[in-house]
There are 2 protein chains.
Amino acid sequence: MKNFPIIRSRRLRSTPYTERIEAHGVSGYTVYNHMLLPVSFKSIEDDYNHLKKYVQVWDVAAERQVEISGKDSAELVQLMTCRDLSKSKIGKCYYAPLIDHEGRLVNDPVINKLENDRWWLSIADSDVIFFAKGLAAGHNFDVKIHEPNVNILAIQGPLSDDLMAKLFGDEIRQLKFFNFNYFEFKQDKYFIARSGWSKQGGFEVYVENDSAGQKLYDSLFEYGKDLNVKAGCPNLIERIESALLSYGNDFDNGDNPFEANFDKYINLDTDIKFLGKEKLKKIKKDGVSRKLMGVKIDHNKINMSKEKELFDEKNNIVGYLRSAAYSPNFKKIIGIAMINKPYWDGKHQFKIEINDKTYLGTVCDLPFI
Amino acid sequence: MKNFPIIRSRRLRSTPYTERIEAHGVSGYTVYNHMLLPVSFKSIEDDYNHLKKYVQVWDVAAERQVEISGKDSAELVQLMTCRDLSKSKIGKCYYAPLIDHEGRLVNDPVINKLENDRWWLSIADSDVIFFAKGLAAGHNFDVKIHEPNVNILAIQGPLSDDLMAKLFGDEIRQLKFFNFNYFEFKQDKYFIARSGWSKQGGFEVYVENDSAGQKLYDSLFEYGKDLNVKAGCPNLIERIESALLSYGNDFDNGDNPFEANFDKYINLDTDIKFLGKEKLKKIKKDGVSRKLMGVKIDHNKINMSKEKELFDEKNNIVGYLRSAAYSPNFKKIIGIAMINKPYWDGKHQFKIEINDKTYLGTVCDLPFI
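Residues numbered from 1 in each chain as written. Chains lettered and ligands numbered in written order. Predicted model: local features only at pLDDT ≥ 70, side-chain atom pairs only at ≥ 80, totals over all residues.

With that settled, consider the overall build of chain A. Along its length, chain A carries eight helices and 21 strands. Over its C-alpha atoms chain A spans a radius of gyration of 21 Å, differing by no more than 12% from the 21 Å that the globule rule assigns to 369 residues. Expressed as a percentage of its 369 residues, the buried residues of chain A come to 52%. Counted over contacts in chain A with a minimum sequence separation of 6, partners at least 24 positions apart contribute 66%. (Helix = DSSP H or I, 4+ residues; strand = E, 2+ residues; numbered from the N terminus. Rg over C-alpha atoms; globule rule 2.2 N^0.38 Å. Buried ≥ 20, exposed ≤ 12 C-beta atoms within 10 Å, placed from the backbone. Contact = placed C-beta atoms within 7 Å.)

Here it is, written out as structure tokens:
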């Protein structure tokens, strides 16, 4: 696939770190929440190998926040997600699928509970702010909804704790998964969560002050020299291996949360009120006829720009491949696909066309690792 | 500014015409409504010169449709916009700013009235579908909301009528501005509006069948050889000269419609019900303290990736430049800027820094031509 340059404009927002990641050798962008998100530095495979061994600093400012505050904020936030937040606690992060009136997916943010009446939805690539504003206006809720100037730096990789402890002290090692707290470095206070879009361990720093964030960015590289710190970004290979789903790639507003394997975040048995609840009850009762599964393909190169059909030996549709990359770990292409029901048992072979040639693959469970 | 490749994925949707525009030499993309939108072919300046003289075929599938249908659809559509649609007619297109509860802009679609209870909102770059879904759920409206598979081809330029008449017959010349109708070519029927994102004249074909659209794309080039037809796209220079505003570039959810010069589409004196109406009444009464104006700058090159500050001789902020390009017509940089009130009179000089050098410019009225 030929490369085309991305043409910049104010509409494709830069981040406070854009100049820095360009100095660090970013080699390609995507656009996410109307903002530039780096996709690779040296190469996706080199970045992958480094991420699994050392520590990386990521500009993930494109994970925008929707702040919802005010008297009715808890009711509004709950209305948007099928995950029961009635026992949620301040200082914790909740991965929560957002659902529309039809029982279909709108986004899959991490919801941070800052106070009982103040929430940050750290969103995937869709304009949750307008969903929230529409609902709030329709229900006449007493809430404020806005996008605060928060620009996340993620520190990811097995040496993340060592790097962060150098700046913030050893206490940061005690921060539990999907918890957040405030930590200080050189007179600046940072909101830090143990979270991130890899399964290699690490933190996300929700930076509220641009210049403090830029100082932190530079300091992470200074302090991390002996840890072989590098600039990185969410990595396609790693995230597929770990089955970290991507809204718009693996699932979208055409899919329901059961099809996307969000079962454990769908709480239908309490009396909490959320959109699409009756639809989801019906879907659960009837069962789904397709769901996201892993696939492995006997080939070493693939570029995805739209979903690709998978066929059985009789040319029936097995499903649709939505994300894929060559995994140096499995020595195969691995991918995430929406697979039709008769092909779920994890041993089904299929055919796929890649650049006009036919290759064989098998359906498998997620995650790969 | 260095060029970076855009890294493809399903999330940055291709269009039915992507392969064709790549064969026709597209040289850069932006992302718009989660979809690829071409930005240039030969060069933005060459494309501009051609567009103003001949005719171009544009892949503007990224102008996505939000279809709203059902018993309460007219009420919902009206609720979203400050433009009075109570006398709207089937077969007509209405440019209509969408407004949130705070009186701020959400989008500026062209609203096509297909039937009394069926509407297409042809949107700029924000997820209007979730705003509509939130409002519909909150108000318990009886509506259906979805994104139909519509992929617009625009035919733009002074020879547009001649080209379209070759395919669809001379009757298409009678189609009035911002009206639409169905026209036939080789057994396929197409929804065609006289509209488009240039002021060089032309049509937008709302293609509902991918393969019919691809056939039409190819036929437009076959039939248009002697008219010097070329592949094109919305052109930065032309759209700034014509003051065709761009959501996300020139204005966004931080601005109100008075600041964006939408006065003639703000109907506060009827009893129609829409979001933010009371806020807009107050803003109108109080007056705004900044608004979009044109600027001309004495230089020949600019790349925008974020807004740029404009200063007066005492280093007070004059405003913020949001879009800009070198105009071969004016032999200056022209741009659209949010200008503070004391600097509105159209003769104010300002200073601007471009690549670490200071240049002079003046504020002027819009449009430029």
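Our next topic: the confidence of the model for chain A. Here chain A averages 97 in pLDDT, and 100% of its residues register 70 or above. Interface confidence for the predicted complex, expressed as ipTM, amounts to 0.97; the pTM equals 0.97. (pLDDT = per-residue confidence, 0-100.)

Either a parallel or an antiparallel arrangement is found when strands of a sheet pair, and the pairing is made through backbone hydrogen bonds. All names here are of chain B. Reading across from one edge, β5-β8-β9-β4-β10 is the order of the five strands in this open sheet, with antiparallel pairing throughout. Two strands in the sheet have a free side with no partner beyond their single neighbour: β5 (93-95) and β10 (144-146). Neighbour-to-neighbour, the strand axes of the sheet open up by a mean angle of 20°, direction not taken into account. The sheet contact formed by strand β4 (residues 65-69) and strand β9 (residues 118-122) spans five bridges and is antiparallel. Residue Ser 69 lies in a different strand from β9, and its bridge partner there is Arg 118. (Pairing = 2+ DSSP bridges. Axes fitted to C-alpha atoms, helices over the stretch in contact; angles between N-to-C directions.)

Moving on: the domain arrangement of chain A. All names here are of chain A. By the assigned domains, chain A splits into domain 1 (18-62 + 150-240), domain 2 (65-133 + 273-288) and domain 3 (289-369). Computed over C-alpha atoms, the centres of domain 1 and domain 3 are 31 Å apart. Residue-level contacts link five residues of domain 1 with seven residues of domain 3. Looking at the side of domain 1 that touches domain 3, the elements with two or more residues in it are α2 (44-51) and α7 (236-241). Considering every element that reaches the side of domain 1 that touches domain 3, the biggest residue donor is α7, with three residues. Partitioned by chemical class, the residues of the side of domain 1 that touches domain 3 number four nonpolar, no polar and one charged. (Domains from an automatic or database assignment. Nonpolar A, V, L, I, M, F, W, Y, C, P; charged D, E, K, R; others polar.)

Once that is clear, we can look at helix α5 (residues 160-168) of chain A. Owing to its 3.6 residues per turn, the α-helix brings residues three or four apart onto one side. Residues and elements named next belong to chain A. Those residues of α5 that fall on the buried side of the exposure criterion are Ser 160, Asp 161, Leu 163, Met 164 and Leu 167. Viewed along the axis of α5, the buried residues span an arc of 165°, placing them on a single side of the element. Against β11 (151-156), β12 (180-185), β14 (202-207) and α6 (210-223) lie the buried residues of α5. Following α5 by one or two positions, Gly 169 adopts a phi angle in the positive range, close to 90°. (Arc of directions from axis to C-beta.)

Attention now moves to the interface of chain A and chain B. Contacts between the two partners involve 49 residues from chain A, matched on the other side by 49 residues from chain B. Mapped onto the side of chain A that touches chain B, the elements with two or more residues apiece are β1 (28-32), β2 (35-40), α4 (128-139) and β18 (317-327) of chain A. A total of ten residues in the side of chain A that touches chain B trace back to one element, the largest contributor, which is α4(A). For the side of chain A that touches chain B, the class distribution of residues is 19 nonpolar, 18 polar and twelve charged.

Note on the identical chains: chain A maps onto chain B by a rotation of 180° and an axial translation of 0.0 Å, with an RMSD of 0.0 Å. Those values place the two copies in the arrangement expected of a two-fold rotation axis. The fraction of interface residues of chain A whose copies in chain B are also interface residues reaches 100%, indicating that both copies meet through the same surface. (Least-squares fit on C-alpha atoms with pLDDT ≥ 70 in both.)

Attention now goes to the sheet that holds strand β13 (residues 188-193) of chain B. Residue and element names in this part refer to chain B. The sheet built from six strands is open, its strands ordered β12-β13-β14-β11-β3-β15 with mixed pairing. Looking at the sheet topology across the chains shown, the edges are occupied by β12 (180-185) and β15 (230-232). Strand-to-strand twist in this sheet, taken as the mean axis angle between neighbours without regard to direction, amounts to 30°. Of the pairings in the sheet, the one linking strand β3 (residues 56-59) to β15 comprises three bridges and is parallel in character. For Trp 58, the partnering residue across the bridge sits in β15 and is Gly 232. Sheet strands touched by helix α2 (residues 44-51): β3, β11 (151-156) and β15. Its angle to β15, the strand with the most contacts, is close to 120°.

Let's shift gears to the packing of helix α3 (residues 73-80) of chain A against α4(A). Residue and element names in this part refer to chain A. Where α3 meets α4, the axes come as close as 11 Å, and the angle between the chain directions of the two elements is 120°. One element, α3, and the other, α4, form an angle in the oblique class. Two packed elements cross with a definite hand, and for α3 against α4 that hand is right-handed. Residues Leu 76, Leu 79 and Met 80 of α3 form the contact with α4, whose own contacting residues are Phe 131, Ala 132, Leu 135 and Ala 136. (Parallel < 35°, antiparallel > 145°, perpendicular 65-115°, else oblique. Left-handed = near helix turned anticlockwise from the far one by under 90°.)

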